[in-house]
Amino acid sequence: MLTLQPKFDLHSDVVCEVLRKEALVCRVEEYSSAVDTRILNIERDGHILYSWKGATETTRIGKYDPVTKHNKLLYSFDKQVCVSSCSLNKEETLLAVSLAQSTAGAERLKPLSKCLTLLIEISPINNTKVLKAVDCRVKVQFLHQEGDRRPVLESHLLLLTEDGYADLYHVLLAKQEGYRVVMANAERLAKTAERLVEDFSWVQWDGHAQRLYYLTHKDKFLLRCVQFYPNHSCDTVLELPLELPADAFPAVKFVNLGFDHYHTEGPEQELVRLEVFTETIGSMCVCYSQPSKHKQELIYSLILVHKDCRKTFRVALGAERTQQRAEQLQPVFIPIGYYILVYLQDYFLHCINTRQQEMLCHSLFFSGEDVDLGLQCQPADITVLHAEEKSCCSLLDLASGTIHVVELSPAYLLQVLKSNTPSRCPGRKADSQCLAALHCLLVYMGKDPNLELKIIEWLCDNVNAFECFDQIQEFILASLFRISYEKSLSLDKVLPYSSVFNKKEVPACLSTVPGVVCTTDLQIESEVKGKGFWAELQWNTERVNYLDNVPHPRYQTTAGPVQQGSERRPSSHMNHLEDNTKKVLSMVDTWCLDKKLVPLFQEEDHQQRALIGLVREREREQRVYRLSLYGRQASRTSQQTPASSGKEENRLAGCQLRSQTGCEWGRASSCYLTPDDTVARWRKGGTRCGARQTRLRLGQVHSEHLVCHLCEVTRGRAALLMFKNWEGKEKELELIRHMLETVWLKYDLGSHVLCLTQQGTPAEWSVLHFMFRILEATRGLSLPLPPGYHTLLAVFAVRCLPHHTFLQYIDHGFLQLTETFVSRLMTDLDNSDANERLKFSVVKRLPQPMEQRIYHMWDHPVSSASISRDYVRTLLERNNKNKGFASSGRDNPGFRPDFLPLTYLAKILSDIEAKAPNPFEEQENVDARFVEETALKQTLILLGFEEK
C-alpha cells in the first residue's frame, strides 16, 4: 500500500561515524564497545539530535545534518546520564537538555530530583544554567521562527512538564570577544518565564508550523492551539470541543516533543490516541480513537475542521481474530496528502479521503489479507513525522533508528483496479474499492503521464461499465477536477467530481462498507481566528456552512437549462467563435507533436467546432461580467459588514450578492433537461440543431453555476479559482485523443483501417466497442468530442457491423453521418448490389444540403438523374424570375455548363418554350374589315341617320 524511500539510517549515517571518532579518542584502530546511540529529537530544519555512550563513561550529544550528511558533536557529559529530552536553537548556540535521574549505579545527579533541566551554552561550550529540578518529566523545545536575516540575539524555549503546564522562556544572548555567544540574562532567566498553558492532559508540538496544540478538561474536553509568530508573539487561534471519556488520559501525553527512551507507556495507559494534521491550503483534521465497550469493534473519529463535520467509524474486528483487549488496540494515523490512513495491524486499513468525504465510495477500506502497508516494524514503534507543506510524510522506526518517506503506492492501487474488474469480480462489493482507487490515482497522483497511460490501458482492457458507475466518466471528471483541486478547498462541493453525485439513488455498495458503520455530525462548533493559515481555515469553514444550506451546490454535469430558440448571430460573432475554436484546437494540437496516430482534428466538424467555440466564449463573457459585479459588491459588502460579524451575516451578504448578480440557482433548476430528454431531442428528425443548441448551452450553465457560488467561496482570487478547472476544455479533448491513441497502439492499427472496402478485424471490433463507450460517457456528461470523432466511429462501424445494423445505429442516434464519411463511402465502395443498397439508404438519411453535395461524388446513373432533375429545377426557377432564359443563354457565349447532356436538354426546352403560344396573350385571328363596317353602322344608328 505504501512505497518507502529511505531517508535516514541511524547505523549507517551516525553509528559508523561515532565508532570512528571513539576509536580516535581511545587511540585504537577499531572501537568495539557498545555506544548505545539513540535519537532524541528532530528539529524543524531536519537536523537530528542523538546521544551515545562514549568512552571513559561519558554521554555525548551530536547532530546529524541531512543536507550535508555530516555529524557534529554538540556537548559531552563527563558522566553517563539519561537524556530524556533535548532541543537545539536555530543558531546552534544553546542546547536545552532534560535529564532523567539514573536508577543504576551508586552515583546520582544532585539535587536528587527525578528530572533536571539544563540550558547549556555551546558556542563555545561555556556556562550551564539549571532551569528546572522537579519530580516529573519535562520536555524542552526551542522555537524555530522564520524572521529576518539579521543576527538573532534572542532565543525562545518552551518547557512543558508532566504536571500539565507550559512555560515560555525568553533568553537574551550577547556576543563576547567577537565569537563567544553567552546568555545575557542568565541570573534573571526564571523571571522571564511566561506561563502559556495550565492543566493540560495532552499536548502536541508542530515544529514546521510552530504551533502548540493542547487539551484541557473541565466540564468538557477542549482542544486549543497556540500559534507562535515570527515577531515573537503568540495567540490562541483555535478552540474545538471534543467528545472523549473523562479518563481518556490517565497521564499527560506528549506528542512530537522528542523521544524519551527512559519512559515507556504500557497499553493500559493509552486509552485514546489523538493527533492533529494540517495542510497549507487551509485543511485541518483531528484524529482520535475512542475506547469501546465491545471487544469486537474499534471506534475512531475524524474531525474535518475545514468541512465543519465529524465522521465517526465503528469497525467490526471479528470475535475469532480479537486476541487483545479493545483498550489495547490503538490504530496508527498516517497523513499522506489529503488522505488519512487509519491502520490497525492484522485487522484493517482505512484510507480516508478528507476532501470528498460525503460518500464512503471515495475512500479505500481493506481488511484481512489485503492489509499490508509494506512496513517492516511494529506499529507501536512507529512515529509519524508530518509537515503540512509536504504532500508526503515520514515514518520513524525507533527500534531500528530508520526514517522512511512514505507515499501511496500507485502500483498497489493499479493492482486494486485490475483485481476488481467486472469480469473477475461480478459482484458489487469491489465497485467502491475500484472507484476509490481510480480517483486516488487520477486526482492525487495523476500528474504523472506514465501513470495516466497505465490507467487508460486499464480502461481499454475493461471496456464494459461497472454495475454502479461508469469508469470512463469517472476518468474524465477526475482528470478535469485535478486541474483546480490544489488551489481551493471551497470548490470541492461545487465542481463536478464524480458521476456518482448525479445519481438519483446511490447504490448501496457505494454508500456502505461491510463491517463499517459511519455516522456524520455537522456543525462542530469550532472557533477559529488568526491570520495566514487560520484565516484560510476560517474562510473554508464558512463557505462549507453556506454550501450546506444551498440546494444542489455541486454542478450537475448531466443537466442544464434549455434555451428555447436561437437568435441569429452576426457573422462577426461567428468569426469570433471560430477564432476561439482555433485557439483551443491549436493548443491541443501542440501537446502531442511527435505522434498523430489517430486522424482527429483534421476535418471541419462544424457541430463540434461550434460547441467548443461557444462554450469558451460564454465562459469568458460570464467571467468578465460576474467578476466585475463581484468586485464592486464585495468592496461595498466589506465596508458595510463589520470585521467581527458572525457567519450568519456573512452568509446573508453572500446571498444578497448572489441574487444581485442574477445567479439565483432556483430559477435555473426548473428548466433542466435529463440526459434521456437530451438524447431524445437529438434523435428526432429535423431537430439536430435544437439538440446542438441544448449541448452548447451546457457550457454556459457550468460557468453560471460556478460564478453563482464563487460569490460566496472566494474573495480576491475569484478568477484564479473559478476558471482554473475549465481550462479543461482543452484537457478534455486531449484525454479523448489520448485514449484513442492508446488503444490504437495496443492493437497496432495502421492507415488500412480507414479503407472501407475491407471487413473489420477482431481488433477493430474492440476499438469500435471502446469508441462507443466513450461516446456514451461523453453524452452522459454533455461534453464535446474532438472534430473527426464521428467520422472515425462511422468508418469502424461500417467495416465491422452488418449493413442493416449500421443503419439502425444511425436511426437510433448512436452514429452521426458526416460529410467526410459519406463522401468516402460513395467514392471508395463500388456499385455492387449490396453497396448500392447501402449508399441509397445512407443518402436517404442525409439532410437536403448534404445530399446534393454527395450526389456529385457518386458516379451512378441514379445520381446523374438526380443531378439533372436538380439542375432543370434550378433553370426553371431562374426562368420564372427572369424571362427569356433561352435568349439570355444563347446571347451569353460563355454559358457552358460542364454536364453536356444537361446542356442539350436545356437548349431543347428553351426552343420549345420559344415556339409555344402564350395562353396569357390575345390571339390575332379577327377580321379587321368586318369590325370596321360593324362599328360604322353602329355609329350611324346612334346618330339617327339610319334605322335598325
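Heads up: the structure comes first, above all this text.
Summarised in this report is the structure supplied together with it. (Residues numbered from 1 in each chain as written. Predicted model: local features only at pLDDT ≥ 70, side-chain atom pairs only at ≥ 80, totals over all residues. Heavy atoms only, no water.)

1. Topic: unusual backbone geometry
The condition is simple: Strands are runs of DSSP state E lasting at least two residues, helices are runs of H or I lasting at least four, and both sets are numbered from the N terminus onward. Burial status follows relative accessibility: with a 1.4 Å probe on protein chains alone, a residue under 20% of its type maximum counts as buried, one over 50% as exposed, and anything between as partly exposed.
Omega for the peptide link from S123 to P124 comes to -5°, which places this bond in the cis form. One non-glycine residue with positive phi stands out, namely Q523, at about 55°. In this fold, Q523 is placed in the loop between β31 (516–522) and β32 (527–528). One non-glycine residue, E525, lies in the positive phi region at around 60°. Relative to the elements of secondary structure, E525 occurs in the loop between β31 and β32. Owing to a relative accessible area of 62%, E525 belongs among the exposed residues under this scheme.

2. Brief notes about the nonpolar core
Our working rule: Put simply, buried Ala, Val, Leu, Ile, Met, Phe, Trp, Tyr and Cys residues joined by side-chain atoms within 4.5 Å make one nonpolar core. The contact criterion used throughout is that any non-hydrogen atoms of two residues lie within 4.5 Å.
Y300, L341, F348, L408 and F806 are the most contacted members of the largest nonpolar core, which has 137 residues in total. Dropping the residues within four chain positions of it, F348 is found in contact with L298, Y300, V315, L317, V342, Y343, F365, F366, S367 and V371. The next biggest cluster of nonpolar side chains, apart from the first, holds 29 residues, and it includes F249, V255, V276 and L537.

3. Observations regarding the pattern of salt bridges
Note the cut-off: Should a side-chain nitrogen of Lys or Arg be within 4 Å of a carboxyl oxygen of Asp or Glu, the pair is scored as a salt bridge.
Applying the stated rule across the entire model yields 25 salt bridges. In this structure, the salt-bridge partner of R853 is E819, at a minimum N-O distance of 3.0 Å. Residue R853 is found in helix α21 (residues 848–855), and its partner E819 is found in helix α19 (residues 819–828); the two are separated by 34 residues along the sequence. On the accessibility criterion, E819 (28% relative accessible area) is partly exposed. Through salt bridges with shared partners, a single network forms among D36, R38 and K53.

4. A look at the pairing of strand β3 (residues 48–54)
For clarity, the threshold we go by: Strands pair, by our definition, only if DSSP identifies at least two bridges between them.
Burial analysis of β3 places 6 of its 7 residues in the buried class, which makes it a mostly covered element. With 4 bridges connecting them, strand β2 (residues 38–42) and β3 associate as antiparallel partners. Bridging across to β3, I39 finds its partner in Y50. Linkage of β2 to β3, two consecutive antiparallel strands, is achieved through a turn of 5 residues, within which G46 is found at a positive phi near 90°. Relative to strand β4 (residues 58–65), β3 is paired through 7 bridges, and the arrangement is antiparallel. Bridge pairing in β4 links L49 to K63. Between β3 and β4, which pair antiparallel one after the other, the connecting turn spans 3 residues, and T56 there sits at a positive phi close to 60°.

5. Overview of the sheet that holds strand β15 (residues 200–206)
Taken in spatial order, the 6 strands make up an open sheet running β19-β15-β16-β17-β18-β32, and their pairing is mixed. With one partner strand each, in any of the chains shown, β19 (253–255) and β32 form the two edges of the open sheet. With 3 bridges joining them, β15 and β19 adopt parallel strand pairing. Looking at the pairing, Q204 lines up with V255 of β19.

6. As for the sheet that holds strand β20 (residues 274–279)
To keep things clear, this is the line we draw: Between N-to-C directions, angles span 0 to 180 degrees; the directions come from axes that are lines fitted to C-alpha atoms, helices contributing only their stretch in contact.
Reading across from one edge, β20-β21-β22-β23-β31 is the order of the 5 strands in this open sheet, with antiparallel pairing throughout. With one partner strand each, in any of the chains shown, β20 and β31 form the two edges of the open sheet. Each neighbouring strand pair of the sheet contributes to a mean axis angle of 15°, computed without reference to strand direction. Pairing geometry for strand β22 (residues 297–304) and strand β23 (residues 309–316), over 8 bridges, is antiparallel. Bridge pairing in β23 links L304 to C309. Across the face of the sheet, helix α7 (residues 533–548) comes into contact with β20 and β21 (283–290) while running at roughly 80° to β21.

7. Remarks on the state of the cysteines
This is how the line gets drawn: Our working definition of a disulfide is a cysteine sulfur pair at a distance within 2.5 Å.
Summed over all chains, the structure comprises 0 disulfides. For C309, which is in no disulfide, the shortest distance to another cysteine sulfur is to C518 and amounts to 9.1 Å. What makes C309 buried here is its relative accessible area of 2%. Sulfur of C440: no disulfide; nearest cysteine sulfur belongs to C351 and is 5.6 Å away.

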